[in-house]
Amino acid sequence: MDATTDEPAILPDRPRSDARRPVALVVGVVATVLFVALRLAVDLDGGAPLAFDQWWDDAMAALAHPVAVIVAWIPAIVGGTIGMIVIGITTAVVFILVKRPWDALNVAASIALVVLIGAPLAAVIARARPMDSLAETQATSFPSGHTAVATTIAVTLALILRRGWIWAAGAVWVLLMMWSRTYLHAHWLSDVTAGFLEGLAVATLVWALVEVWRVRRAQRLVAASG
């Protein structure tokens, strides 16, 4: 990342003072607190489904339909481990090719961090999935990794690209993923809620920190060259 890359990066589309940064930090902290609170609630209940978990699982079972099951498998497959690795690498590579290395770093760091947090946590908690799961059956239900990664990518891209339609598309994708994982009985509703909170926290906090780092480095390079 040389000066010719860093200096233009803060002007005109990357302001030195971005009002979204403190907002992102607040959202990230609140999401983290809510995630921890939900984690404690699940732990206090011994990992058993919460009241609304069982209600939602029963509701999804009552709406079971072969066509809907096929539709639910689409985000489950696309948002799986391989799918997310492909999407993450492709997105980072595209940002590198268009000479936006900080955005590539943002995407890569966010995805790596959300996986590093979620996967070990799910293994440690070892919460059982719904008995009627149509997908995974191993006891790694909390939090939902699919939802966490989907939220991370959606929020990160929306923050980077600053387009309303990306926010809208990302919201649809995350909601579809949350529905998919519960419709297939792969997760409890609290699992996908935790995944959403985890992804939101990681995406907002990493974005804010990377942006601060990028701007300060660019300013130092500009000062040194002047």
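Located above this text is the structure these notes cover.
Along each chain, residues carry numbers from 1 onward, in the same order as the chain's sequence is written. At least 70 in pLDDT is required for a residue's local features to be given in this predicted model, at least 80 for side-chain atom pairs to be given and counted, and no such filter applies to totals for whole chains, interfaces and linings, which use all residues. By convention in this description, side-chain values take in all heavy atoms of the structure and omit both hydrogens and water.

K.L.:
Hey, could you run me through the overall build of the protein chain in this one?
P.N.:
Starting at the N terminus, helices and strands are each numbered in turn, a helix being any DSSP run of H or I of at least four residues and a strand any DSSP run of E of at least two. If you tally the helices and strands in the protein chain, you get 9 helices and 0 strands. Each helix and strand of the protein chain, placed in order from N terminus to C terminus, yields the pattern α-α-α-α-α-α-α-α-α. Partly exposed residues are those whose accessible area sits between 20% and 50% of the maximum for their type, while under 20% is buried and over 50% is exposed, using a 1.4 Å probe and protein chains only. For the protein chain, buried positions account for 43% of its 226 residues. Residue burial considers only the protein chains on display, and all accessible areas are found by Shrake-Rupley using a 1.4 Å probe. With the model as given, the accessible surface of the protein chain reaches about 11200 Å², and the carbon-plus-sulfur share is 76%.

K.L.:
How should I be thinking about unusual backbone geometry in this particular structure?
P.N.:
Trans is the prevailing form of peptide bonds, just as negative phi is the prevailing case for residues other than glycine. Cis geometry marks the peptide bond from Phe142 to Pro143; its omega dihedral reads -5°. Mapped onto the secondary structure, Pro143 falls in the loop between helix H6 (101-125) and helix H7 (145-161). For Arg162, which is not glycine, the phi torsion reads 55° and is therefore positive. Examined against the element boundaries, Arg162 turns out to sit in the loop between H7 and helix H8 (164-183). Residue classification places Arg162 among the partly exposed positions, given a relative accessible area of 31%.

K.L.:
Is there a simple way to explain the side chain of Ser110 in this structure?
P.N.:
Turning to its location among the elements, Ser110 is positioned in helix H6. What makes Ser110 buried here is its relative accessible area of 0%. The residues touching Ser110, leaving out its near neighbours within four places in the chain, are Thr152, Thr156, Val202 and Val206. Any pair of residues with heavy atoms lying within 4.5 Å of one another is described as a contacting pair.

K.L.:
Looking at this structure, I do not really get the layout of surface pockets. What am I missing?
P.N.:
The gaps of empty space that remain are located by a probe, the size of a water molecule, rolled over the atoms. By volume, the largest pocket is sized at about 570 Å³. Surrounding the largest pocket, 27 residues form its lining, Thr81, Val115, Gly145, His146 and Val149 being those nearest its centre. At the level of elements, helix H5 (81-97), H6 and H7 are the ones that each hand at least two residues to the lining of the largest pocket. In terms of residue count, the dominant contributor to the lining of the largest pocket is H6 (7 residues). Taken as a whole, the second largest pocket spans an internal volume of roughly 290 Å³. Thr91, Ile153, Ala154, Leu157 and Ile166 are, among the 15 residues lining the second largest pocket, the residues nearest its centre. For this classification, the nonpolar set comprises Ala, Val, Leu, Ile, Met, Phe, Trp, Tyr, Cys and Pro, the charged set comprises Asp, Glu, Lys and Arg, and every other residue, Gly included, is treated as polar. Partitioned by chemical class, the residues of the lining of the second largest pocket number 13 nonpolar, 2 polar and no charged. Within this scheme a cavity is a closed region of a 1 Å grid, computed over the protein atoms alone, that accommodates a 1.4 Å probe without allowing it to escape, whereas a pocket is open but has protein on both sides within 12 Å along at least five of seven lines; lining residues each have an atom within 4 Å of a point. Grid points are joined across faces, edges and corners, and a volume is the space filled by probe spheres set on the points.

K.L.:
What's the story with the nonpolar core in this structure? I'm lost.
P.N.:
Inside soluble globular proteins, nonpolar side chains tend to come together where they are buried. Among the buried residues, those of types Ala, Val, Leu, Ile, Met, Phe, Trp, Tyr and Cys that are joined through side-chain atoms within 4.5 Å form a nonpolar core. One finds Phe95, Val107, Phe142, Ile153, Leu157 and Trp207 to be the most contacted residues of the largest nonpolar core, which totals 35 residues. Considering each element in turn, this core owes the most residues, 10 residues, to helix H9 (residues 189-225). Apart from the residues lying within four places of it in its own chain, the contact partners of Leu157 are Thr91, Phe95, Val107, Arg162 and Ile166.

K.L.:
Quick question: what am I supposed to make of the packing of helix H3 (residues 51-62) against H8 here?
P.N.:
When two helices pack together, you describe them by how their axes are tilted relative to each other and by the distance separating the axes. Interaxial angle, 0 to 180 degrees, is taken between N-to-C directions of lines fitted to C-alpha atoms, where a helix line uses only the stretch in contact. It is at 9 Å that the axes of H3 and H8 come closest, and there the two elements cross at 85°. Here H8 runs roughly perpendicular to H3, going by the angle between their axes. Contacts between H3 and H8 involve Trp56, Asp57 and Met60 from the first element and Trp179, Thr182 and Tyr183 from the second. Its residues assigned to classes, the contact of H3 with H8 comprises 4 nonpolar, 1 polar and 1 charged. Note on terminology: angles under 35 degrees are roughly parallel, angles over 145 are roughly antiparallel, angles of 65 to 115 are roughly perpendicular, and the others are oblique.

K.L.:
Sorry, what's going on with the packing of aromatic side chains here?
P.N.:
Aromatic ring pairs are reported here in terms of the distance separating the ring centres and the angle at which the planes meet. Any two rings among Phe, Tyr and Trp, with Trp reduced to its six-membered ring, count as a pair given centres within 6.5 Å; such a pair is stacked if its planes are under 30 degrees apart, edge-to-face if over 60, and tilted if neither. Within the structure shown, the criterion is met by 4 aromatic pairs. Relative to Trp56, the ring of Trp55 lies with its centre 5.8 Å away and its plane at 55°, an arrangement referred to as tilted. Among the residues examined, Trp56 registers a relative accessible area of 24% and is labelled partly exposed.

K.L.:
Is there a simple way to think about the pattern of salt bridges in this case?
P.N.:
Pairing between side chains of opposite charge can happen when their charged atoms approach one another. Any Lys or Arg side-chain nitrogen found within 4 Å of a carboxyl oxygen on Asp or Glu counts as a salt bridge. According to the stated counting rule, one finds 6 salt bridges in the structure shown. Measuring nitrogen to oxygen at the nearest pair gives 2.7 Å for the salt bridge that ties Asp191 to Arg127. In this pair, Asp191 is assigned in helix H9 and Arg127 in the loop between H6 and H7, connecting sequence segments 64 residues apart. The partner of Arg181 in a salt bridge is Glu136, and the shortest N-O contact between them spans 2.8 Å. One end of the pair, Arg181, is in helix H8; the other, Glu136, is in the loop between H6 and H7, with 45 residues separating them in the sequence. With relative accessibility at 1%, the residue Arg181 sits in the buried group. Salt bridges here are not isolated pairs; linked through shared partners, they connect Asp53, Arg127 and Asp191.

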